[in-house]
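# An overview of the molecular structure
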Amino acid sequence: LSHPKVAMPRRFVPMKAADLRGHKGAVYTIEFSLEGKFLASGSLDSTLRIWDVSGESLQQQRCFRGHSVIVSSIAWNSDGRSV
C-alpha cells in the first residue's frame, strides 16, 4: 500500500555534463520538474535551459537568455509548468 502524501522516487536519468550541450559555461545548478519529465539547468553563462528527459536522450526545449548574473538556483512552480 502506498500513502498518497509520500512522493514517489524520480526516475533515474543517467547523464554526463556533456549531455547538457548548449551551455557555454559550467552548469552550476539543476532541478527536475515535479513529475520528473523536465530538467532545468542553470549555468555560469547566465542561461537557464529546459530539457525533456522523458525519452532516451535529453532534448533541449527552451533557452532563457538575458540574466545579468549567473543562474545559481532553480525552483519549479508548484504546478510543475514554470520555473
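Heads up: the structure comes first, above all this text.
Report follows, based on the coordinates. Every chain is numbered on its own, with residues counted from 1 as its sequence reads. In keeping with the predicted nature of the model, local features appear solely for residues at pLDDT of at least 70, side-chain atom pairs appear and are counted solely at 80 or more, and the whole-chain, interface and lining totals rest on all residues. The side-chain figures draw on all heavy atoms in the structure; neither hydrogens nor water molecules are used.

### Brief notes about unusual backbone geometry
You will see that Ser46, though not glycine, has its phi angle at about 65 degrees, which is positive. With respect to the helices and strands, the residue Ser46 is situated in the loop between β2 (38–43) and β3 (48–52). Exposure categories follow from relative accessible area, calculated using a 1.4 Å probe and restricted to protein chains: below 20% of the type maximum is buried, above 50% is exposed, and the middle band is partly exposed. Given a relative accessible area of 15%, Ser46 falls into the buried group. In DSSP terms, a helix is any run of H or I states spanning at least four residues, a strand is any run of E spanning at least two, and both are numbered starting from the N terminus.

### Observations regarding the side chain of Arg49
Along the chain, Arg49 turns up in strand β3. For the buried Arg49, no salt bridge is present, and the opposite-charge side chain at shortest range is Asp45, 4.4 Å distant. Polar contact is the term for a pair of N or O atoms within 3.5 Å; when the atoms are in protein, one must be able to donate a hydrogen and the other to accept it, and sequence-neighboring residues count only if both atoms are side-chain atoms. Separated by 3.1 Å, the side chains of Arg49 and Gln60 make a polar contact. Whether two residues are in contact is decided by their heavy atoms, any of which lying within 4.5 Å being enough. Residues in contact with Arg49, not counting those within four places in the same chain, are Gly22, His23, Leu39, Ala40, Ser41, Gln60, Arg62, Cys63 and Arg65. Think of it this way: Lys and Arg go in the positive column, Asp and Glu in the negative one, and His and the chain ends go nowhere. Salt bridges are defined by distance alone: a side-chain nitrogen of Lys or Arg within 4 Å of a carboxyl oxygen of Asp or Glu.

### Concerning the pairing of strand β1 (residues 27–32)
Here β1 runs beside β2; their pairing, made up of five bridges, is antiparallel. Note on β2: the bridge partner recorded for Thr29 is Gly42. Note on pairing: DSSP must find at least two bridges between two strands before they are called paired. Taking the residues that link successive antiparallel strands as the turn, the β1-β2 hairpin has five residues, and the phi of Gly36 there is positive, at about 85 degrees.

### Some details on a nonpolar patch on the surface
Nonpolar side chains (Val, Leu, Ile, Met, Phe, Trp, Tyr) within 5 Å and like charges within 9 Å form the patches, drawn only from residues with over 30% relative accessible area and no salt bridge. Only the protein chains shown count as covering a residue, and every accessible area follows the Shrake-Rupley method with a 1.4 Å probe. A contiguous nonpolar patch, built from Tyr28, Leu44 and Ile70 and spanning about 280 Å² of accessible area, is present on the exposed surface. The class of Ile70 is partly exposed, set by a relative accessible area of 34%.

Geometric descriptors of this kind do not, in isolation, establish any biological role.
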